Amino acid sequence: RVYMAESLGSFAGGLATTLFLAQGFSSESLFLSASVLLLLAVGLNRKGSRLGLALLACAAVLAGSIGFRLDQSWKRFNELRAWQRLLPATAFQDSFTTPQARYLFGEYKSQFNVLSCESVTETVPNDERASEIMALCLAQNPAARRILVFGADTYSICRRWQSLPQVESVCWIHPDPDYPRKFLSVLPPALKSDNDKLSVPSRDLREYLAASGGPYDLVLLNVPDAATLFLNRYLTVELFRQVKTCLAENGVVGVRISGGENFMGDERVNLGAVVYATLKNVFSHLALKPGDETWLLASDGNGLSEKAEVLRRRFQSVPGASSLYPAEGLSVLYPADRIDYQKRKYDEIMARTKPGLLLNSDSQPKSVLLSLLLVARLSGLSGDWVGLLRRLTLCGMPIVLLGILLYPLLRWIYLSQSFQKAGSAERRVDVHVLVSAIGFAGMSFSLLLMFLYQSQFGAIFLHVGLFSALFMFGLFLGSLLCDGVLKKFGRAPSWLLPVFIVAQLILYASVLAVSVRYAAFIGLFLLGGVLSGVFIPLAAFRLKSAGLQDMSAGSQVEAFDHLGGTLGSLVTGWILLPLLGSAALPVILGGIMLANIPACIRFERTG
């Protein structure tokens with residue numbers, strides 16, 4: 001009952017938080033509101049006592065602080081403190097929020113800056129970098145007239161493109177679709193473009209490409225290193241194929257990656273090689289601009305070149321180019337020795353890696369794995385750990401399945417020994433493992449669905465609370481259903497657990513057939529919660545039949561369910577999804593559930 005009430009409360013909390021965030025409420029306001037609710041609940045439960053009165057008084061004080069808008073003062077204080085970590089407090093102006101993030105903005109040294117997640121995400125003007133990017137692109141396609149720019153810190157690039165006479169249109173898309181509109185509403189008028197060449201569709205890039213069709217002469221993907229599953233979807237073979245269909249004849253796509261001025265470590269080389277190999281899989285010609293900020297330029301036309309003299313002549317033929325960037329600077333952007341060095345490094349990786357292993361896709365997020373390896377190296381983790389993760393990418397699936405299969409085999413042998421009597425302690429262990437497996441599988445299944453949703457629809461920032469709420473509501477319904485079955489029979493029928501496990505297997509098998517429909521994900525999150533929740537009353541019943549009292553049985557169910565959920569989030573998010581991909585995870589989760597059957601059968605016989 002405690003578990004069911006907790007699940008129902010989690011559903012209500014997730015749903016309410018999603019609705020409040022969608023309406024623009026700040027995290028500070030939500031925190032204070034949740035605190036009031038918690039204090040009221042505990043205070044009313046202890047009414048009549050001094051503690052209860054004290055808690056109710058605290059709830060009244062916090063509610064009053066919301067009424068006097070002290071939550072907004074707290075929000076302003078937090079924003080100013082975050083701003084001061086990077087820029088002087090006097091430069092701070094205000095903030096705006098989207099479903100993805102909170103953005104702080106202000107002017108410092110004649111530049112308009114936007115901060116988010118403790119980093120500068122937009123600087124206007126930033127003409128030096130923008131002109132350099134324009135020069136390296138125009139040298140590859142001097143006739144470019146229709147431009148698509150995607151990424152963070154790209155408004156200055158769009159602004160410079162509009163100043164070029166030959167450019168007819170510039171389309172600006174941001175990873176946060178709601179950001180451009182709000183950014184332009186606070187941008188000082190002096191920094192806005194005074195022509196109508198810029199279009200700002202508030203849509204996800206992949207959704208826009210599927211609907212618009214182009215054609216574009218130049219597509220720029222200014223994407224940070226894909227250290228998250230969200231960013232990975234903008235560096236996959238599926239995205240590059242979409243871009244290819246929207247390119248004009250001889251159109252060029254430019255992709256930013258991290259390189260190195262004089263040295264590149266293994267992880268940085270591997271990260272670049274993944275994007276390099278993925279682009280090569282889609283486009284017939286590639287050119288490389290080396291350096292700390294490397295640009296890979298791809299096309300199916302024959303116009304790409306890496307020769308500085310050829311590129312200089314092309315750039316000089318562009319009307320108005322001389323006012324953007326000195327043509328002689330292209331020799332600095334395209335040094336032949338650095339191009340050869342960097343491409344040789346990528347080719348070496350491709351030559352000694354099996355075909356397909358470097359291909360970055362929606363289901364096999366290679367760039368995420370390699371970014372994690374880079375972070376691990378920079379964080380000081382030993383090379384042994386990094387090497388282990390790299391080896392798991394090659395043979396991880398057999399190793400994981402072998403480990404899962406070993407548990408039921410060894411457990412069955414242990415319990416089947418003639419000298420070993422399966423007492424209540426051994427039977428409790430089997431229930432603990434079952435509950436941990438359910439927690440692990442439930443959390444992993446939720447992460448898998450979130451990953452698939454991001455791959456198909458983009459950002460999940462606002463919807464994560466709603467999906468979690470649906471899963472928790474499913475837990476409540478599943479627990480309620482199983483509790484009713486147990487009360488009806490007055491016992492746990494021997495067929496109940498196998499039926500539940502088979503239902504889980506069917507769910508895991510069907511998840512990969514999800515179509516690109518929002519309703520399908522709503523149903524899967526809800527059903528995933530139901531088929532996880534049905535095990536909880538059954539586990540509590542089995543612990544009681546093994547000799548535990550109600551309080552002990554309930555606390556152990558909660559403890560091992562949370563233990564499994566913790567392991568599921570860590571192992572799935574950091575290892576299984578990046579290393580093995582979304583196609584392998586349902587098989588692994590099915591194996592984990594099947595591994596519990598032998599010990600549970602033994603439980604029935606000894607119970």
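*Asks:* Sorry, what's going on with the side chain of lysine 343 here?
*Replies:* Considering the arrangement of structural elements, one finds lysine 343 in helix H14 (residues 336-351). Once residues within four sequence positions are removed from consideration, lysine 343 is found in contact with Tyr276, Leu286, Leu288 and Glu306.

*Asks:* I'm lost on the layout of surface pockets in this one. Help?
*Replies:* Picture a little ball the size of a water molecule; that probe, rolled over the atoms, points out where space is still empty. Each pocket or cavity is described by its volume, and for the largest pocket that value is around 960 Å³. Those elements that provide at least two residues to the lining of the largest pocket are strand S4 (119-124), helix H9 (229-232), helix H17 (424-457) and helix H22 (550-580). Looking at which element gives the most residues to the lining of the largest pocket, the answer is H17, with four residues.

*Asks:* Help me out: how do you make sense of a nonpolar patch on the surface in this one?
*Replies:* On the surface, a nonpolar cluster with roughly 460 Å² of combined accessible area is contributed by Leu402, Leu406, Leu409, Leu410 and Ile413. Along the chain, isoleucine 413 turns up in helix H16 (residues 383-416).

*Asks:* Hey, could you run me through the sheet that holds strand S6 (residues 169-173) in this one?
*Replies:* Hydrogen bonds between backbone groups are what pair the strands of a sheet, and the pairing can be parallel or antiparallel. In space, the seven strands of this open sheet follow the order S7-S6-S5-S8-S9-S11-S10, with mixed pairing throughout. Edge positions in the open sheet fall to strand S7 (198-199) and strand S10 (285-289), since each of these has one partner strand only. The sheet contact formed by strand S8 (residues 216-222) and strand S9 (residues 247-260) spans five bridges and is parallel. Across the sheet, the residue bridging to leucine 221 is valine 255, located in S9.

*Asks:* Help me understand the packing of aromatic side chains in this model?
*Replies:* To describe a pair of aromatic rings, you give the distance between the ring centres and the angle between the ring planes. Within the structure shown, the criterion is met by 24 aromatic pairs. Taking 5.1 Å as the distance between ring centres and 75° as the angle between the ring planes, the aromatic pair formed by tyrosine 453 and phenylalanine 467 counts as edge-to-face. With a gap of 14 residues between them, tyrosine 453 in helix H17 and phenylalanine 467 in helix H18 (residues 463-489) connect regions that are remote in the sequence. Tyrosine 453 gets classed as buried once you look at its relative accessible area, which sits at 3%. Given the relative accessible area of 0%, phenylalanine 467 is considered buried.

*Asks:* Mind showing me how you'd approach the side chain of lysine 289 here?
*Replies:* By the element assignment, lysine 289 lies in strand S10. Within the buried core, lysine 289 has no salt-bridge partner, and the shortest N-O distance to an opposite charge, that of glutamate 132, equals 4.2 Å. At 2.8 Å, the side chain of lysine 289 and the backbone oxygen of glutamate 293 are in polar contact. Those residues within four positions of lysine 289 in sequence are excluded, and the remaining contacts are Glu132, Leu136, Thr294, Trp295, Leu333 and Tyr334.

*Asks:* Even after reading the chapter, I still don't get the environment of valine 255, so can you show me in this structure?
*Replies:* Take valine 255: it is sitting in strand S9. For valine 255, a relative accessible area of 0% corresponds to the buried category. Separated by 39 residues in the primary sequence, valine 255 and threonine 294 place their C-alpha atoms 8.3 Å from one another. With sequence-adjacent residues up to four places away left out, valine 255 is seen in contact with Leu221, Leu235, Phe240, Val275, Leu279, Thr294, Trp295 and Leu296.

*Asks:* Can you walk me through helix H1 (residues 2-22) in this structure?
*Replies:* Think of an α-helix as turning once every 3.6 residues; residues three or four places apart then point the same way. With 21 residues, H1 extends 30 Å from end C-alpha to end C-alpha; this agrees with the ideal 30 Å at 1.5 Å per step. Buried residues of H1: Tyr3, Met4, Ser7, Gly14 and Thr18, and no others. Looking straight down H1, one finds that the buried residues subtend no more than 110° of arc, so they occupy a single side. What points out from H1, more than 90 degrees from its buried face, is the exposed set Val2, Ala5 and Leu19. Where H1 is buried, its residues touch H18, helix H21 (535-545) and H22. Following H1 by one or two positions, glycine 24 adopts a phi angle in the positive range, close to 95°.

*Asks:* How do you make sense of the pairing of strand S5 (residues 146-151) when you look at a structure like this?
*Replies:* One face of the sheet, then the other: side chains in a regular strand alternate in exactly this way. Of all six residues in S5, six are buried; the element is thus mostly enclosed. Across the two faces of S5 the burial is the same, with Arg146, Leu148 and Phe150 and Ile147, Val149 and Gly151 all buried. Summarising the sheet, S5 and S6 pair through five bridges and their orientation is parallel. Pairing of isoleucine 147 across the sheet is with valine 170, part of S6. As for the winding sense of the linkage, the β-α-β connection from S5 through helix H6 (residues 155-162) to S6 is right-handed. Examined bridge by bridge, S5 and S8 share five bridges and lie parallel to one another. Looking across to S8, one finds that isoleucine 147 is bridged to leucine 218.

*Asks:* How should I be thinking about H21 in this particular structure?
*Replies:* Those residues of H21 not exposed but buried are Phe535, Ile536, Pro537, Leu538, Ala539, Arg542 and Leu543. Downstream of H21 by one or two residues, glycine 547 has phi in the positive range, about 110°.

*Asks:* I would appreciate a short explanation of the nonpolar core in the present structure.
*Replies:* Where a protein is soluble and globular, its nonpolar side chains tend to be buried together. Core analysis: the biggest nonpolar cluster contains 48 residues, and Trp161, Phe183, Leu220 and Phe315 have the highest contact counts within it. In terms of residue count, helix H5 (residues 127-138) provides more of this core than any other element does, seven residues in total. For phenylalanine 183, the contacting residues outside a window of four places in its chain are Phe96, Phe112, Val114, Glu122, Val124, Tyr155 and Trp172. Core analysis: the second largest hydrophobic core is formed by 45 residues, Phe500, Ile501, Tyr508 and Val534 among them.

*Asks:* Honestly, the packing of H1 against H22 in this entry has me stumped. Any pointers?
*Replies:* The angle between the axes and the distance between the axes are what describe a pair of packed helices. The interhelical angle for the contact between H1 and H22, taken along N-to-C directions, is 45°, at an axis separation of 10 Å. Taken together, H1 and H22 sit at an angle that is classed as oblique. In contact with Val2, Tyr3 and Glu6 of H1, H22 contributes Glu558, Asp561 and His562. Per-class residue counts for the contact of H1 with H22 are two nonpolar, one polar and three charged.

Procedures and definitions
Residues numbered from 1 in each chain as written. Predicted model: local features only at pLDDT ≥ 70, side-chain atom pairs only at ≥ 80, totals over all residues. Heavy atoms only, no water. Helix = DSSP H or I, 4+ residues; strand = E, 2+ residues; numbered from the N terminus. Contact = heavy atoms within 4.5 Å. 1 Å grid on protein atoms, 1.4 Å probe; cavity = no way out; pocket = protein on both sides within 12 Å on 5 of 7 lines; lining within 4 Å. Points joined across faces, edges and corners; volume = space filled by probe spheres on them. Patch = residues over 30% accessible without salt bridge, like charges linked within 9 Å, V, L, I, M, F, W, Y side chains within 5 Å. Areas by Shrake-Rupley, 256 points an atom, 1.4 Å probe, with all protein chains shown as cover. Salt bridge = Lys/Arg side-chain N within 4 Å of Asp/Glu carboxyl O. Pairing = 2+ DSSP bridges. Phe/Tyr/Trp six-rings, centres within 6.5 Å; stacked < 30°, edge-to-face > 60°. Buried < 20%, exposed > 50% of the residue type's maximum accessible area, 1.4 Å probe, protein only. Lys, Arg positive; Asp, Glu negative; His and termini not counted. Polar contact = N/O pair within 3.5 Å; in protein donor to acceptor, adjacent residues only side chain to side chain. Expected span 1.5 Å × (residues − 1). Arc of directions from axis to C-beta. Right-handed = clockwise from strand over helix to strand, strands pointing away. Core = buried A, V, L, I, M, F, W, Y, C linked by side-chain atoms within 4.5 Å. Axes fitted to C-alpha atoms, helices over the stretch in contact; angles between N-to-C directions. Parallel < 35°, antiparallel > 145°, perpendicular 65-115°, else oblique. Nonpolar A, V, L, I, M, F, W, Y, C, P; charged D, E, K, R; others polar.

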